[in-house]
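# An overview of the molecular structure
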Amino acid sequence: QRLNHDVIVEIRLWTAMRMQSVAKTVIGALQYGRALASLPKIKQWYAQFPEKRVAEDHVEVILAHQTYGHVEGSEKNDEAVQLLLEKYADDAVYLVFDLKKGSSQELW
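In this report, the structure presented in the accompanying data block is examined. Because the structure is predicted, anything quoted here is derived from the model rather than measured.

## Quick word on the pattern of salt bridges
Scanning the model with the defined rule gives 4 salt bridges in all. K87 serves as the salt-bridge partner of E10, at 3.1 Å between the closest nitrogen and oxygen. With E10 in helix α1 (residues 5-16) and K87 in helix α5 (residues 75-87), the pair connects residues that are 77 residues apart, well separated along the chain. Classification of K87 by relative accessible area gives partly exposed; the value is 38%. Where D57 meets K52, a salt bridge forms, and the shortest distance between an N and an O atom there is 3.2 Å. By relative accessible area, K52 is classed as partly exposed at 37%.

About the thresholds
Residues numbered from 1 in each chain as written. Predicted model: local features only at pLDDT ≥ 70, side-chain atom pairs only at ≥ 80, totals over all residues. Heavy atoms only, no water. Salt bridge = Lys/Arg side-chain N within 4 Å of Asp/Glu carboxyl O. Helix = DSSP H or I, 4+ residues; strand = E, 2+ residues; numbered from the N terminus. Buried < 20%, exposed > 50% of the residue type's maximum accessible area, 1.4 Å probe, protein only.

Set out below in structure tokens:
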């Protein structure tokens, strides 16, 4: 019997938080924006601009993943990166592709 997708996501995040993983680092870095947003002076300032998000003005998490999408890369690693991007889609987290020259005729 296969587990529900949401259960798998929660299990993977639970295990990522219990080892030295990129996921743990990314999730931890995303907490800076949340911490700033909880400060009274920051709340007061951003109350004037409800369309703005605090993190986008002060915090960005940039994830450079050297093998994402590459033939030599790991499909499991790509899935883990996609999981992080989906789970934290509302946060200021960005993925930078480390392109390898000649890896795609469409890009070069």
